[in-house]
Amino acid sequence: MSMLHLAAPVSFIPVAPAAPALRVDGLSVTRGGRAILRQVSAAFAAGAVTAVVGPSGAGKTTLLNVLNGLVEPSCGMVASEQLGALRSAESWAALRQRAATIFQDHALIGRLSALDNVLLAFADTRHPLSPWPWPRFAREAAARALADVGLLDRAFERVDNFSGGERQRVGVARALARGPRLLLGDEPFSSLDPPLARRLCDDLRALAVRDGVTVVLVLHQIALARALADRIVGLNDGRVLFDGPAHAFDAATEATVFAAHSHLNQGV
Ligand SMILES: Nc1ncnc2c1ncn2[C@@H]1O[C@H](COP(=O)(O)OP(=O)(O)OP(=O)(O)O)[C@@H](O)[C@H]1O
């Protein structure tokens, strides 16, 4: 049975009993007079992976950028369990402090070792030209993060010798190094072949559960989203058309979420 929820108001199908770590409510973003997100409401649980899916231009990256604190909503609210409703510049800054991003292209420096790349997560703790070693806490955290992604034994190797999957693991380690409460990724595994993407996503989910991290990933690979996310948020033309457990995102739901805008806009 399809659990599709079409048209506002969207009702949620809870998959985690815990209070959501992050919530957006009635969120709208307008750019150049055009509505990019329209009254988006969704909740993101700690210790779980939420996949955001939808056709090109649906507003997925924009939603992620709002959660990142990079895009200011035109109206609506973002609230975190720890920080409450984010209303001041300070609370947005606090959210950014707790968040980390996994980049699609890894954003690594090839001539540096895996460990040095992960240490870049702590760039603000040391002058870039400092001749001194990184602080001990940073080195320990970076080593732990590399251990978490199974690359501690290659910590001192240059990453330009690494495979695509290994590089992405280093990218994940860098994102994890500061112990983020919110981990965001915009198609972070799209450059990897599907089995590898699946393994990495699986590992990420295990880490999210272990550390109670809220993970929100924009995923183009719907099979991956179904298999590995706890929850799927399906966007089309800036609206939430589906929000529910990943297993409920069936073929009919997928067809609706990925339908052309003109069809969905009829009568709206
Ligand atoms: N700064 C901006 N100014 C004007 N339009 C913008 C801006 N940022 C995004 N848009 C538009 O908003 C829409 C949604 O963009 P967004 O990048 O969020 O979509 P997306 O779902 O991530 O798409 P894709 O899957 O192609 O990356 C697009 O039509 C885009 O052109």
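Residues numbered from 1 in each chain as written. Predicted model: local features only at pLDDT ≥ 70, side-chain atom pairs only at ≥ 80, totals over all residues. Heavy atoms only, no water.

Caption draft 1: Looking closely at the overall build of the protein. In terms of helices and strands, the protein carries nine helices and 10 strands. Classification of the 268 residues of the protein by burial places 49% in the buried group. In the protein, once contacts between residues fewer than 6 apart in sequence are set aside, the share between residues at least 24 apart is 68%. Total accessible area on the protein is roughly 12,500 Å²; 54% of this is exposed by carbon and sulfur atoms. (Helix = DSSP H or I, 4+ residues; strand = E, 2+ residues; numbered from the N terminus. Buried < 20%, exposed > 50% of the residue type's maximum accessible area, 1.4 Å probe, protein only. Contact = heavy atoms within 4.5 Å. Areas by Shrake-Rupley, 256 points an atom, 1.4 Å probe, with all protein chains shown as cover.)

Caption draft 2: Focus on the packing of aromatic side chains. Taken as a whole and assessed by the stated rule, the structure comprises two aromatic pairs. Seen from their ring centres, Phe122 and Phe137 are 5.7 Å apart, and the 90° between their planes marks the pair as edge-to-face. Taken as a pair, Phe122 in the loop between helix H3 (114-119) and helix H4 (136-148) and Phe137 in helix H4 lie far apart in primary sequence, 15 residues in all. Here the aromatic rings of Phe242 and Phe249 are separated by 5.2 Å at their centres, their planes lie at 75°, and the arrangement is edge-to-face. Between the NZ or CZ atom of Arg126 and the centre of the ring of Trp134, over which it lies, the distance is 4.1 Å. Lying across the ring of Phe162, Arg154 places its NZ or CZ 4.4 Å from the centre. (Phe/Tyr/Trp six-rings, centres within 6.5 Å; stacked < 30°, edge-to-face > 60°. Lys NZ or Arg CZ within 6 Å of the ring centre and 35° of its normal.)

Caption draft 3: View of the sheet that holds strand S1 (residues 22-31). With antiparallel pairing, the four strands of this open sheet are ordered in space as S2-S1-S4-S5. Each of the sheet's edge strands pairs with one partner strand only, and the pair in question is strand S2 (34-44) and strand S5 (84-85). One ladder, built from seven bridges, connects S1 with S2; its direction is antiparallel. Note on S2: the bridge partner recorded for Leu22 is Phe44. (Pairing = 2+ DSSP bridges.)

Caption draft 4: Quick peek at the site of the ligand. Every residue near the ligand is listed here: Arg31, Arg34, Ile36, Pro55, Ser56, Gly57, Ala58, Gly59, Lys60, Thr61, Thr62 and His220. Within the contact set of the ligand, an oxygen atom lies 2.6 Å away from a side-chain nitrogen or oxygen of Ser56. Taking His220, its side chain carries an N or O atom lying 3.4 Å from an oxygen atom of the ligand. Coverage of the ligand by the protein chains reaches 60% of its 640 Å² of free accessible surface. Broken down by secondary-structure element, the contributors of at least two residues to the shell around the ligand are S2 and helix H1 (60-67). Looking at which element gives the most residues to the shell around the ligand, the answer is H1, with three residues. Across the shell around the ligand, the residue classes tally to three nonpolar, six polar and three charged. (Near = heavy atom within 4 Å. Polar contact = N/O pair within 3.5 Å; in protein donor to acceptor, adjacent residues only side chain to side chain. Nonpolar A, V, L, I, M, F, W, Y, C, P; charged D, E, K, R; others polar.)

Caption draft 5: Local environment of the sheet that holds strand S3 (residues 48-53). Read from one edge of the open sheet, six strands run S6-S7-S8-S3-S9-S10, paired in mixed fashion. Since the sheet does not close on itself, it has two edges, and those belong to strand S6 (99-102) and strand S10 (239-245), each with one partner. Strand after strand, the sheet turns through a mean of 20° between neighbouring axes, direction not considered. Summarising the sheet, strand S9 (residues 231-236) and S10 pair through six bridges and their orientation is antiparallel. Paired with Gly234 across the bridge in S10 is Phe242. Strands in contact with H1 are S3, strand S7 (182-186), strand S8 (214-218) and S9; relative to S7, the strand with the most contacts, it is inclined by about 155°. Packed on one face of the sheet, helix H6 (residues 194-211) meets S3, S6, S7 and S8 and runs near 155° to S8. (Axes fitted to C-alpha atoms, helices over the stretch in contact; angles between N-to-C directions.)

Caption draft 6: Broad picture of H6. In this model H6 runs 25 Å from its N-terminal to its C-terminal C-alpha over 18 residues, within 8% of the 26 Å that 1.5 Å per residue would give. Among all positions of H6, only Leu196, Ala197, Leu200, Cys201, Leu204, Leu207 and Ala208 are buried. Relative to the axis of H6, the buried residues are bounded by an arc of 130° and lie together on one face. Among the exposed residues of H6, those oriented more than 90 degrees off its buried face are Pro194, Pro195 and Arg210. Once H6 ends, the next one or two residues include Gly212, with phi positive near 65°. (Expected span 1.5 Å × (residues − 1). Arc of directions from axis to C-beta.)

Caption draft 7: Local environment of the domain arrangement of the protein. One can read the domain layout of the protein as domain 1 (19-82 + 181-259) and domain 2 (108-180). For domain 1 versus domain 2, the distance between C-alpha centres works out to 26 Å. Listed by partner, the interface residues are 14 residues for domain 1 and 10 residues for domain 2. Between domain 1 and domain 2 the total buried area reaches about 970 Å² when both faces are included, carbon and sulfur atoms providing 63% of it. Interface area lost by domain 1 to domain 2 is led by Leu183, Leu200 and Leu207, which between them contribute 40%. Viewed at the interface, domain 2 and domain 1 are joined by two salt bridges. (Domains from an automatic or database assignment. Buried area = accessible area lost by both parts, 1.4 Å probe. Salt bridge = Lys/Arg side-chain N within 4 Å of Asp/Glu carboxyl O.)

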